[in-house]
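An overview of the molecular structure
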Amino acid sequence: MSYELRVNPIACTGHGLCAELLPEIIELDPWGYPILMSATVPGGLVMHAKRAAAACPTLALLLNRTGGRQR
Amino acid sequence: MTALELRSRRPPVLRLPRLLAGMSYHTVTSLREHERQHGPLPAWGSSGRQRPDRLIDLVERSGLTGRGGAGFPTGRKMRSVAAGAGKAVVVANGAEGEPASCKDRLLLTRLPHLVLDGITLAASAVRASAAYLCVHGRETGLLASLEHAVAEREAAGLDPVPIQLAGLPDRYVSSEQSAIVHYLNGGPGKPTFAPPRTHERGVNGRPTLVNNVETLAHLALIARHGDRWFRGVGLPSAPGSALVTVSGAVGRPGVYEIALGTTLGQLVMMAGGPVERPQALLVGGYFGAWLPAEVAWKVPMCQAGLKAAGGAMGAGLVIALPDSSCALAETARVVRYLAGESAGQCGPCAFGLPALADAVTDLAYIGGRGRAIDEIACLVPLIEGRGACRHPDGATQLVRSALWAFGADARWHDHRGPCAGVRRAPLLPVPGGADWLDDEDAL
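Here goes a summary of the coordinates provided. Being a predicted model, the structure only gives us computed values, none of them experimental.

This part takes up the overall build of chain B. Check the secondary structure of chain B and you find 18 helices and 9 strands. What you see for chain B is a C-alpha radius of gyration of 22 Å, in line with the 22 Å of a compact globule of 443 residues. The C-alpha extent of chain B, read off along each of the three principal axes, is 70 × 60 × 35 Å. Classification of the 443 residues of chain B by burial places 53% in the buried group. Partitioning the contacts of chain B with sequence separation of at least 6, the portion at a separation of at least 24 is 71%.

Printed below as a string of C-alpha cells:
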C-alpha cells in the first residue's frame, strides 16, 4: 500500500508547517505555498507525512492511500 | 464504373453552413423560422418512440467533441452523467469568457432555439430533471431575449424539463464548469477543488452535464440528421463543423463556420485575407498559443493538428497579429488582464500571475538588461499546474508560446529595450482595455 500527497490549493493559505515537518518532499515557493517534489510518499516517510497532514491548520494537505479502493 | 464508385467520386457539395444556415444577421430567429429551417424537434424523450440512451449512442458515433475549449468527447461525458447516481442536471454554458470570442454570443442572440433544442435533447438523453442556461449576468438584453425564446417554447410545450436562465458573475473564471456549478449551488461562482468532479457530484450534489452552447447546437442537428450526416464534413479524426471567431489584421473579421481540418491559412482567406503582413496568429484564445505566421498557415483547425503545432483549439479563436504590432506587448497586456481575473483563491495564481505579468510587461516595455527572459522562465514552473482550475496554466501557456514564437524578438527586448511596435495601439481586446492610455504603471 502506498500513500499519495495532494494540496488543496484553495484551502491552502501558506502557513508553511508542512514544509517544516516534511522537508524531504515539500518545499515552499517564493510566496510561501508548498511545492510537492513528488506525489507518492516513500514508505519511510509515511509517518511524517501523516503528521504534516494532521498539522495543517487549514487541512489543505491531503494524504490518500493509493492502490486498492482509493482513486 | 459502378454506382458505388460514382457516388464516392461525387464532388463535395456545399454543405456549410450548418449551424448558421438561414441565420439572420440582425435579428433573433423565432421558433417558427427555426422549425422551418431545421424541422421540428425530434422526440427522443420518454414520450417519444426512441429510447433516450440511443441518442447517447448516436452522439458517441458522431464523434462530436466539446466546443468550449477542452474538446472532450460529448458522448462519453453524457454517458458518464447518465450512469451517475440520482437525477441528472444539464447546464448549458453560454458565458463566453474569452474577450475576443463571440461565437457563443452569436448563437444565443441569433439562434437561441438551436441551443435550447440541444438542452432539451441532452436533458432527455441523461434523464435530467433540471436544466439551466447560463450567460453573464451583465448581459441583461441577452437574458431578456432568451427569456422570450424560452416562453415561445413553453407555449408550444417543447421542453418537458423547464429551462432556467441564470446570470453568472462577471468574471473570466466564472465560466469554468466547477465555478458555474458553485454559483448554481448558491456560492459566489468561483472554481472549486476536485474531486468531486461535476459529472459525479455537481448542482445539488447530482451528476451534472456541463456543455458549451455550441456543442448543444450541434447536438440539436445530430438528433435530426444522424451521425453519418455529422461526419459528412470535417476530418475522420475530427468530424463536423465548428464556429470560429477570426479577428485582428484581416479584411472581414467575424464568426465563421468551418469544417474541422480547414487550415488556418484558408480560414484567414475566408475572413478577407490579411490586411497587413501577419507575423503570427493567436489560436485558441487567451489560453491558447502564438503560432508564427509561416508555421501557422498550413496548420489544420482541429485539436490534434493545432496541438501538434504547439497550439490549441480552445474556443475557436484566431487573431492575426500584423508585423507592426509588438507581440510581447500584446502578450503582456493579456497576461496582466488574466492576472486581474484570478479568483484569488489559490496562492500560486493570486501571487504568481501578477509577478508573471510584471516580468512580461518589463520585458516588453522596458527591456530586461539580459535577465528578463530567465526570470520569466523561472516563474512559469512555479505557477503551472498549481491552481484548482486551469486559469494559471492558461496564462503560462500563452507566455511560453510567446517566448517560443517570438524568441528573437524577446532577446532583442531583453538586451536592447522595447521595439517600435509598442507604440502601436493595442490589438488584442481586453475588457476595460481603453485604459491602456491611462495605465497606472505608465504614469
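This part covers the sheet that holds strand S8 (residues 289–292) of chain B. Residues and elements named next belong to chain B. Ordered in space as S6-S5-S9-S7-S8, the 5 strands form an open sheet in which the pairing is mixed. The open sheet terminates on both sides in strands that have one partner only, identified here as strand S6 (254–259) and S8. Taking the axes of each pair of neighbouring strands and ignoring which way they run, one obtains an average angle of 30° across the sheet. Where strand S5 (residues 241–248) lies against strand S9 (residues 317–322), 4 bridges are found, and the strand directions are parallel. By the bridge assignment for S9, Gly248 is matched with Ala320. Set on the sheet, helix H17 (residues 391–405) makes contact with strand S7 (278–283) and S8; between it and S8 the angle comes to about 15°.

The next thing to look at is the pairing of S5(B). All names here are of chain B. Taking burial as the measure, the 8 residues of S5 include 8 buried ones, the bulk of the element. Every second residue of S5 is oriented toward a common face, with Ser241, Leu243, Thr245 and Ser247 on one face and Ala242, Val244, Val246 and Gly248 on the other, all of them buried. Of the pairings in the sheet, the one linking S5 to S6 comprises 6 bridges and is antiparallel in character. Across the sheet, residue Thr245 finds its bridge partner in S6, namely Val255.

Turning next to the interface of chain B and chain A. Every contact between the two is made by 10 residues of chain B and, on the other side, 8 residues of chain A. With 3 residues, helix H15 (residues 347–366) of chain B is the single largest residue contributor to the side of chain B that touches chain A.

All names here are of chain A. Residues Tyr3, Leu5 and Val7 of strand S1 (residues 2–7) are buried on one face, while the alternating residues Ser2, Glu4 and Arg6, pointing to the opposite face, are not. The sheet contact formed by S1 and strand S5 (residues 61–66) spans 6 bridges and is antiparallel. If you follow Val7 over to S5, its bridge partner there is Leu61. One ladder, built from 2 bridges, connects S1 with strand S4 (residues 40–41); its direction is antiparallel. Paired with Tyr3 across the two strands is Val41, which belongs to S4.

Let's shift gears to unusual backbone geometry. All names here are of chain B. That bond from Ala194 to Pro195 is cis: its omega, -5°, falls within 30 degrees of zero. Inspection of the secondary structure assignment puts Pro195 in the loop between helix H8 (177–184) and strand S4 (208–212). In this structure, Pro196 follows Pro195 across a cis peptide bond, with omega equal to 0°. You will see that Arg127, though not glycine, has its phi angle at about 55°, which is positive. Within the secondary structure layout, Arg127 lies in the loop between helix H6 (112–125) and strand S2 (128–136). For Arg369, which is not glycine, the phi torsion reads 50° and is therefore positive. On the secondary structure map, Arg369 appears in the loop between H15 and helix H16 (372–383). Given 10 C-beta atoms within a 10 Å radius, Arg369 is considered exposed.

So, how was this worked out
Residues numbered from 1 in each chain as written. Chains lettered and ligands numbered in written order. Predicted model: local features only at pLDDT ≥ 70, side-chain atom pairs only at ≥ 80, totals over all residues. Helix = DSSP H or I, 4+ residues; strand = E, 2+ residues; numbered from the N terminus. Rg over C-alpha atoms; globule rule 2.2 N^0.38 Å. Buried ≥ 20, exposed ≤ 12 C-beta atoms within 10 Å, placed from the backbone. Contact = placed C-beta atoms within 7 Å. Pairing = 2+ DSSP bridges. Axes fitted to C-alpha atoms, helices over the stretch in contact; angles between N-to-C directions.

All quantities given are derived from atomic positions and should not be read as evidence of function.
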